[in-house]
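Next come the chains, spelled out residue by residue.
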Amino acid sequence: MLEGCVDWPEDSARRYRNAGCWGTLSIFEAVSAAARSNPGKAAVVDATGRRSYRDLLSNAERLAARLHGLGLRPLDRVVFQLANSIKFIEAFLALMRIGAIPVMALPAHRRTEIEHFVRSSGAVALMTPEEAKGFDYRVMAREVASRCPVLRHLIIDGEPFRDQIELSPRRDRPEEPAQLSLEECPLPRPEEVALMLLSGGTTGLSKLIPRTHADYLCGVEQSGKAAGLDADTVFLGVLPAGHNYTLGAPGILGTLVAGGVVILSPATTADVVFPLIERERVTVVSSAGPLVSRWLGSDLFDRHDLSSLKVFMSGGARLAPELRRRVEQQFQCTYQESFGTAEGLLCMSRLADAEALRMNSSGRPVSEYDEIRIVNPSDQDLPDGSAGELLVRGPYTIQGYYNAPEINAKAFTTDGFYRTGDVVSRRDGYLYVEGRIKDLINRGGEMISCAEVENHLLTHPAIETACVVAIPDDVFIEKACAVVVLRRGYTLTLAEMSAFLKDKEIARFKMPERLELVKEMPISPAGKILRRNLREALADHLASERLHDRQ
Ligand code: AMP
């Protein structure tokens, strides 16, 4: 295994191999195997066109040969920042063919983050778009390279600067002198590192999560089974493809190894997504909280035939039961909750589950080899029904972040359980996420779960999105503030909100004591509400309010 990674203990590895959790194929081989049964079938569709399985793989191999010719070698790290497109998938598969390791950045990342990924991974190459939304990635790439001497290759999807390389050279330009053959480049071993994902990007700088071919495929295949993916699946990904949820939970790779079709949407708004569902006869869509509320509020339902949709998946954050119910009513399909981590563990509700489980639970682990513990702050196991921190160990959950022994000592138990930081309870094998350890507001010793109050708020007809955050208080140290985006045409006062929550018969101390109406929430590249940004903005706002009061 790549130096700096923490391997599974040999006895666990043997168990996972013997049980078939870990197979004998690399990611490239797994996609090739699916392609063989129907090479002419469409594999990927994006805004520019469509690619058959045959063309997708031959383009990926050609690109792999070219990248190998340029000097990319197995286990070299490549910060990978392409936008959702066929090119993304071809370039990703090219790296999988060589055994080079993409570090999955998102198009929204800027110089500070990209530089951090380059330094912390020791990347020799950076792959970025030419420009998008008025931002020139080539300039950023050049700046990063000037500060990080290990970065040798800047590979641009589009027109490169002179010191940069074009991802796919145009036919009218001579190819760089390179040996365009993969003879010298064996396929990677399945238990070698395939890719590096980024740890939850909502706080601090991300840590790198090394995933092997075998472990990643295990999560991809098991979550694919839970979502019922097969060769008839038409999967629509709307969130960034570099995020674990869209890439492999089961996402793009789950669909490709099942022989289905991947549709990549150029935008996340209902006016783009709904026509795409209709045109491509999409069967599975994977979305996330803030998007779901927006789509549900759209007035386009009558104008599009969405009847092909069978599964509506939401992940990244818990979706309130009220919204899940509306998804099933308005989209006329099965709602599937997906609670996943880039570190590994994936939990999903199952399509045949009873309504109560689909509407309320966070699902159950996708592999029977996932080991779950729910513990109190002293690491003692709690009985079913009690909420505590979720710890997990299993065939596709990492044993450590890359090159991070000090962080690993805190984030993992000595016997290899990953501490998720999520507060969950378990009933009948299903998990119920109650929040993050850090998403609790401590109101003078009374703990308020932000997620719990948000779930109540989201049932209010005026509220499109709600986020409950802590605000500083002289007496209680912290108090709750509800930050709310209203549906068009509605109003809401603090008194009305409090009356509504009172009717929910929840403890009085949980009631937000302040209401802030905003036009939109700050959203992370992965589609999650950036709580920390909200908290900081509110703290600043309150401080200036106080100053004003004193004057
Ligand atoms: P990431 O590794 O960036 O995908 O973030 C993983 C974290 O997102 C988890 O540890 C949870 O805190 C949160 N998360 C993801 N999906 C859900 C969900 N369905 N319900 C609640 N929290 C979720």
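Quantities reported herein were computed from a predicted structural model and do not represent experimental measurements.

Asks: Account for the sheet that holds strand β17 (residues 344–348), naming residues and giving values.
Replies: Strand order in this open sheet of 9 strands is β2-β1-β13-β12-β14-β15-β16-β17-β18, and the pairing throughout is mixed. Each end of this open sheet is capped by a strand with a single partner; those strands are β2 (49–52) and β18 (364–365). When strand β12 (residues 234–237) meets strand β14 (residues 284–287), the two strands line up parallel, connected through 3 bridges. Bridged to G237 within β14 is S286. Strands in contact with helix α4 (residues 86–98) are β1 (42–46), β2 and β13 (261–264); relative to β2, the strand with the most contacts, it is inclined by about 30°.

Asks: Tell me about the UniProt feature "domain: AMP-binding enzyme C-terminal" (unreviewed entry) in the protein, and please be specific about residues and values.
Replies: As annotated by UniProt and renumbered to match this structure, "domain: AMP-binding enzyme C-terminal" (unreviewed entry) occupies residues 452–528. As annotated, residues 452–528 has a helix share of 21% and a strand share of 32%, and its two end C-alpha atoms lie 17 Å apart.

Asks: Go over the pairing of strand β5 (residues 125–129), please, and point to the residues and values.
Replies: By the criterion of burial, β5 is predominantly enclosed, with 5 of the 5 residues buried. Here strand β3 (residues 77–80) pairs with β5 via 3 bridges, running parallel. Bridge pairing in β5 places V78 opposite A125. Two strands pair when backbone bridges link them, and β5 and strand β8 (residues 153–157) are joined in this way by 5 bridges, in the parallel orientation. Looking at the pairing, A125 lines up with H153 of β8.

Asks: Any details on the sheet that holds strand β22 (residues 430–436)? Residues and values, ideally.
Replies: Taken together, 4 strands build an open sheet; the order of strands is β19-β20-β21-β22 and the sheet is antiparallel. Edge positions in the sheet fall to β19 (371–375) and β22, since each of these pairs with one other strand and no more. Averaged over all neighbouring strand pairs, the angle between strand axes comes to 50°, with direction disregarded. Relative to strand β21 (residues 418–427), strand β20 (residues 388–393) runs antiparallel, the two being bridged by 4 bridges. Its bridge partner lying in β21, E389 is registered against V423.

Calculation notes
Residues numbered from 1 in each chain as written. Predicted model: local features only at pLDDT ≥ 70, side-chain atom pairs only at ≥ 80, totals over all residues. Heavy atoms only, no water. Pairing = 2+ DSSP bridges. Helix = DSSP H or I, 4+ residues; strand = E, 2+ residues; numbered from the N terminus. Contact = heavy atoms within 4.5 Å. Axes fitted to C-alpha atoms, helices over the stretch in contact; angles between N-to-C directions. UniProt positions renumbered as here; feature names shortened; annotations may be inferred. Buried < 20%, exposed > 50% of the residue type's maximum accessible area, 1.4 Å probe, protein only.

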